[in-house]
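Below are the chains, spelled out letter by letter.
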Amino acid sequence: MKINKNQIGLVAALVTALVISPLTIARAADTPTLGRACSAEGANTGTSTDSLVCKSVGGKLIWQKVRLGANYGTPVSALRAPKGTIEFHHWRPEDKAVFQTIIDKFQDANPGTTINQVIMSSVDYTNLAYSKINTNKKAAVFVTSRGGQFDQFYKGGLLKDISDQRYMKQNVIQSALTPATVSGKVYGLPYQSLFNNPIYNADMFAKNGWKVPTTWTQLLSFCKTAKSAGIIPFAWPAATRGNAGQILNSFLMNADSNYATMAAHVAAIDTGKEDLQTDWFKSIANKYKAMNDAGCFPANVTGYNDTAAPADFAAGKAAIYPTGSFGISTVTKLNPAMSGKIKMFGMITTDSKPLYEGITNNTFILSVNAKASSTDQKIANAFISWLATPAMAQLYAVGTSQHVSIINVDYSANVDLLNVSDIMGKKLLLAPRFLFNNVNGVRNPLEDALIAIGGGADVNKTLADTSKTIKSNLGA
Amino acid sequence: MIFNFSRRLLLSIFAIAVIIPTSIVVLGTFKSDFEIYSKPLALPKSFSFNNLKALFDTGNISTPFKNSVIVSIGSVFFTLLFATLAAYAISRMFNITGKVLFFLFSLGLAIPGQVNIVPIYTLFVKLHLTNSLIGLILVNIALNLPLSIFILTAFLKDLPKEMFEVASIDGAGHWRVYRSIALPLARPAVGATAIFLFVICWNDLLYPLMLINEQSKKTLPLTLIDFRGEFATSYSMLFTAIMVASVPMVVMYLFMQKQFQSGLTAGAVKG
Amino acid sequence: MSLPALLIYSFLYLYPSIQNLLYSFTRWDGVTKPQYIGFRNFTYMLSNDVLFRKILGNNIKFTLFVVIFQTAFSLIFAIFLAKNSKGNIFFRTLFFFPTILSSVSVGLMWTFLYNPNYGFLNAAFKAIGLDNLAVNWLGDSRYSLLAVAITQVWFHTGQMVVIYVAGLQQIPQELYEAAEVDGATRWQQFKSVTWPMALPTTAVVVAYTTIQSFRAFDLIYSMTQGGPLNSSDLLVTNIFNLAFVGYKFGYAAAQTIFLVIMILLITWLQRRTLKIDYGVKS
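Not measured: the values here are computed from a predicted model. (Residues numbered from 1 in each chain as written. Chains lettered and ligands numbered in written order. Predicted model: local features only at pLDDT ≥ 70, side-chain atom pairs only at ≥ 80, totals over all residues.)

### Details of the overall build of chain C
Across its full length, chain C carries 13 helices and two strands. Across its three principal axes, chain C shows a C-alpha extent of roughly 75 × 60 × 35 Å. Across chain C, contacts joining residues at least 24 apart in sequence account for 70% of those joining residues at least 6 apart. (Helix = DSSP H or I, 4+ residues; strand = E, 2+ residues; numbered from the N terminus. Contact = placed C-beta atoms within 7 Å.)

### So, the overall build of chain A
In terms of helices and strands, chain A carries 18 helices and 15 strands. Taking 2.2 N^0.38 as the reference for a compact globule, 476 residues should give roughly 23 Å; the C-alpha atoms of chain A span a radius of gyration of 25 Å, in line with that estimate. With the principal axes as the frame, chain A shows a C-alpha extent of 95 × 55 × 45 Å. Within chain A, the proportion of its 476 residues that are buried is 54%. Long-range contacts, defined as pairs at least 24 residues apart, comprise 74% of the intrachain contacts of chain A with a sequence gap of at least 6. (Rg over C-alpha atoms; globule rule 2.2 N^0.38 Å. Buried ≥ 20, exposed ≤ 12 C-beta atoms within 10 Å, placed from the backbone.)

### A short note on the interface of chain C and chain B
Counting residues at the interface gives 61 residues for chain C and 71 residues for chain B. Where the side of chain C that touches chain B is concerned, the elements lending two or more residues are helix H1 (3-23), helix H3 (50-80), helix H4 (86-96), helix H5 (103-113), helix H7 (144-169), helix H10 (199-214), helix H12 (235-244) and helix H13 (249-274) of chain C. Here the side of chain C that touches chain B takes 11 residues from H1 of chain C, the largest share from any one element. For the side of chain C that touches chain B, the residue count by class is 44 nonpolar, 14 polar and three charged. (Nonpolar A, V, L, I, M, F, W, Y, C, P; charged D, E, K, R; others polar.)

### Concerning the nonpolar core
Residue and element names in this part refer to chain A. Residues Val141, Trp236, Phe383 and Leu387 are the most contacted members of the largest nonpolar core, which totals 302 residues. Per-domain counts for this core show at least three residues from each of domain 1 (84-190 + 363-419) and domain 2 (199-345 + 438-475). With residues near it in sequence (within four places) discarded, Trp236 still touches Ala244, Ile247, Phe297, Val301, Tyr304, Ala309 and Pro322. (Core = buried A, V, L, I, M, F, W, Y, C linked by C-beta atoms within 7 Å. Domains from an automatic or database assignment.)

### Digging into the confidence of the model for chain A
When the pLDDT values of chain A are averaged, the result is 88; 93% of them are 70 or greater. Here residues 17-29 of chain A scores under 50 on pLDDT; set against residues more than four positions off or in separate chains, the count is seven contacts. (pLDDT = per-residue confidence, 0-100.)

### So, the packing of H3 of chain C against H7 of chain C
Residue and element names in this part refer to chain C. At their nearest, the axes of H3 and H7 sit 7 Å apart, and the two run at 40 degrees to each other. Judged by the angle between their axes, H3 and H7 are oblique. By crossing handedness, the relation of H3 to H7 is classed as right-handed. In terms of residue class, the contact of H3 with H7 is made up of 17 nonpolar, seven polar and one charged. (Axes fitted to C-alpha atoms, helices over the stretch in contact; angles between N-to-C directions. Parallel < 35°, antiparallel > 145°, perpendicular 65-115°, else oblique. Left-handed = near helix turned anticlockwise from the far one by under 90°.)

### Points about the pairing of strand E2 (residues 60-65) of chain A
All names here are of chain A. Bridge count for strand E1 (residues 52-57) against E2 is six bridges, and the pairing is antiparallel. Considered in E2, the bridge of Ser56 is made with Leu61. Between E1 and E2, which pair antiparallel one after the other, the connecting turn spans two residues, and Gly58 there sits at a positive phi close to 55 degrees. (Pairing = 2+ DSSP bridges.)

### A look at the sheet that holds strand E9 (residues 199-201) of chain A
All names here are of chain A. Here we have four strands laid out as an open sheet, ordered E10-E11-E9-E12, and mixed in their pairing. Each having just a single partner strand, strand E10 (232-234) and strand E12 (342-344) make up the two edges of the open sheet. Ignoring which end each strand starts from, the neighbouring axes of this sheet average 25 degrees apart. Judged from the three bridges that link them, E9 and E12 form a sheet pairing that is antiparallel. Counterpart to Asn201 in the pairing with E12 is Ile342.

### A word on the pairing of strand E3 (residues 84-90) of chain A
Residue and element names in this part refer to chain A. E3 sits mainly inside the fold: five of its seven residues count as buried. Across seven bridges, the pairing between E3 and strand E4 (residues 113-119) is parallel. Paired with Phe88 across the two strands is Gln117, which belongs to E4. Handedness of the β-α-β unit built from E3, helix H2 (residues 96-109) and E4 comes out right-handed. (Right-handed = clockwise from strand over helix to strand, strands pointing away.)

### Brief notes about the domain arrangement of chain A
Residues and elements named next belong to chain A. Looking at chain A, the domain boundaries give domain 1 (84-190 + 363-419) and domain 2 (199-345 + 438-475). Taken together, the contacts link eight residues of domain 1 with 10 residues of domain 2. Top contributing element to the side of domain 1 that touches domain 2 by residue count: helix H16 (residues 415-420), with three residues. Among the residues making up the side of domain 1 that touches domain 2, the classes are represented as one nonpolar, six polar and one charged.

### Comments concerning the packing of helix H11 (residues 279-293) of chain A against helix H17 (residues 439-454) of chain A
All names here are of chain A. Running from amino to carboxyl end, H11 crosses H17 at an angle of 30 degrees, the nearest separation of the two axes being 8 Å. Judged by the angle between their axes, H11 and H17 are roughly parallel. The element H11 and its partner H17 pack so that their crossing is right-handed. Contacts from Ala285, Tyr288, Lys289, Met291 and Asn292 of H11 reach H17 at Leu450, Ile453 and Gly454. When grouped by side-chain class, the residues that make up the contact of H11 with H17 number five nonpolar, two polar and one charged.

### Focus on helix H7 (residues 216-228) of chain A
Over its 13 residues, H7 of chain A runs 19 Å from end to end, which matches the ideal 18 Å to within 8%, given 1.5 Å per residue. Phi turns positive, to about 80 degrees, at Gly230 of chain A, one or two residues after H7 of chain A. (Expected span 1.5 Å × (residues − 1).)

### Here's the deal with the confidence of the model for chain C
Residues and elements named next belong to chain C. Across chain C, the average pLDDT comes to 82, with 95% of residues at or above 70. Across chain C, the element-wise mean pLDDT spans from 76 in H1 up to 91 in H3. Reported for the predicted complex are a pTM of 0.80 and an ipTM of 0.79.

### Observations concerning unusual backbone geometry
Phi at Asn300 of chain A is positive, roughly 55 degrees, even though this residue is not glycine. Within the element layout of this structure, Asn300 of chain A appears in the loop between H11 and helix H12 (308-314).

### Re the environment of Lys341 of chain A
Residue and element names in this part refer to chain A. When you line up the elements, Lys341 lands in the loop between helix H13 (328-334) and E12. Considered as a pair, Lys341 and Ile284 are 57 residues apart in the sequence and their alpha carbons are 31 Å apart. Those residues within four positions of Lys341 in sequence are excluded, and the remaining contacts are Asn201, Ala202 and Asp203.

### As for the environment of Lys155 of chain A
Tracing the chain through its elements places Lys155 of chain A in helix H4 (residues 148-155). In contact with Lys155 of chain A, other than residues within four places in its own chain, are Val31 and Thr32 of chain C.

### Some thoughts on the environment of Asp29 of chain C
All names here are of chain C. Inspection of the secondary structure puts Asp29 in the loop between strand E1 (26-27) and strand E2 (35-36). For Asp29, a count of 17 C-beta atoms within 10 Å corresponds to the partly exposed category. On a C-alpha basis, the gap between Asp29 and Phe244 in space is 9.1 Å, while along the polypeptide they are 215 residues apart.

Rendered as structure tokens:
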């Protein structure tokens, strides 16, 4: 059969069509449209009532309308507060001015009602807040951090059940309520949505032609590349345990092939049933060593604290600052020129297909003091509902460069918040570091050990010593 | 020869050791966070008063300053009042009661203040003394009585017996002797202890942190907290606050050196 | 007469301390009710607690270092500055200056100086060629305790200098003149005149320095928080940690009792060896 031009043309057209259409479909999947196919389950386009999420419907992944709240309703306005004065206890001195603006507006809307901020630095708050608030009826609204502190307050009977409040159902992203939920009831509003993933200097990466590492091997080789260019690859603040421990989240998220296995290991170590010297934990420790060997960290990293690390990142001496979205405002305050150059990536510590692409956390849990007088409780509840309105939440978010767990907040006024919002579209895990309940007896020594190993200490000896300490802590 | 050389060398080294950290703080008052970190010892690029302005504007420093003054002066006054009374009584009691009392008060020297936070806090809540300057003053008195009584008792004990015996022979009661003999004689010790105590009360952080909730009752050290953020510390503001808080101490120190130094030795030295 | 002092003191100091004593026989997390467990806290502390032993070791090393160096330096400086010349008074004043600063300020200042890559200390060492002294001060578990101890000595030496100067000035000049006539060298004069005559002062300096060193909570809190790996943890900081981070108020109270007894023992021993008289006998 003679193949004539027309037939070739037809075949060509067919082939092109066959090749192009999947591409078109793929591209269509990239631009989220309601009802169209999508590729990454769990990805979402934002935190508004008209955002979309990629969900499996009858076996196919399709963009659906996201249901962030308990229903599809829109956020409700705030409650009115009775007259009176209460105290608002929290640990963010850097947010004092923004909170005061929000409080002033609240007081204008509720004449005769006053709220006084009582602030302690976060270290002191962790240590002293319970003692202070437990005996202070006027501390009607306060915050707790996810995990140990929240549990302590819950056990002490200080948290009021606010599950049935309308603003809790309609203004808050429901998945953010997990840290404050006990036996199906909600005892607080986790206000801050953090993304505990490294931030990087996008400008520097672009200028040097570097690519963001997406596997463990790429990460180690990136370190070598950056180091030879005279740049500190990871400005890891190892001297301050609280900040140094953020990367542990990333190591845990992809430590196993499924979440349950990882959680089981963590629980076992937390209660002393599993030792640090077994393979599971040792492999994590060895990865810290590998990062050190690849030159990822600056010299004397165990003396490198949370003043030095963001300073170097802000000065353009370091490529990556591995803490989280909460580090952004520190960096931009140090060097305003960094604003707009910061982006975020998920730290993947495996070479196989990652289970999760990033970490998120919900903390700064606002609660009503169950031991306060009923009037004060009403004021506290009204104040929380005030903070839960999109307008006020937006004020807080943009003013303090943090994401919040409230629906319909528009982050575009803060370019840095906007630049890291793309992480929200990835498959995120709620920070597993907080699965360790025994902070003083187990988690702190464990993190200290990893810090030492990251600083070059011998893996076996450090794990052996720490194991002994943990055993003796658990025995007391 | 060697002596003079090593004398000069050692003195200079320690002098430099004192000057360097101090200048970091002093110069830091006029620098930005960034400058402090990158060039801590250099002269500020421009002597910017931004930090000071920010501190006075947002920190509202006049109220904490006033509160610190009230608490410090109040604590020192009452501590010394009670301490001199107790020291006089103990130094005149040549029996077992005196020894027991002295031991009891000295026990306080061995117990660090931080460990009593929770019991004192719970107690104060019951007494409605939290969030009050009076509560702070009471805590300070309790914490500082041991040291004051220790110093004053040793000093009074050192004075020749005759001075007191003369008065009692004349028929003067204990209170007269206390007022007209013991107190005047103890003046150097009291003066120095006063300054010493003032520094301790002025710089105290932990108890005000626990006890004070209201802005209007904050003391000066609590303003330092405002600069220790959750994830990073603003050293520029912190240093500025430290400077402002230290100025009264420095001024007082410069003017009252003699008492400061002589009082420390009172009760320390057996002549 | 001593009544008001006694009242306030007992109420606000002794009573909470007694409460502490009672708590030391319980297991209490600060929230639920305390559980009576007898002497278990103490037996555990003394036999099984690895961390406790390490911290006790830290504390002893720290106190020894501080007492020896602070006493030695203050004595040496006092000897240098004993005469009341203008220069001497200037130096005495300068050295005394750190004492009036708050411990938090001192801790923060020195954290800055100790920065291993940019801090003044290491920069100075490198500049004069002593590179191997430029270590990771606060970040290395081998050096952190030393670093804090050095800061503590810096903090309080000036105070002790003043005490020593007063003590030295009390020594009659004739004794020195007599020794010089006898042909004694400076060192011999020190051994036979200065040291024995200053012994009471030394006793006070040692006792006070000891007590100060056991209470160095603020300094550690602002510099290392006890790390790395508990290498700069003292008994005081561990007690605070156990109570407020570990929610083990009972065990923390037990360690407090231990701390108090230890301080009392040490000061009593010092009294015996240095033969000083705190007492009220005339």
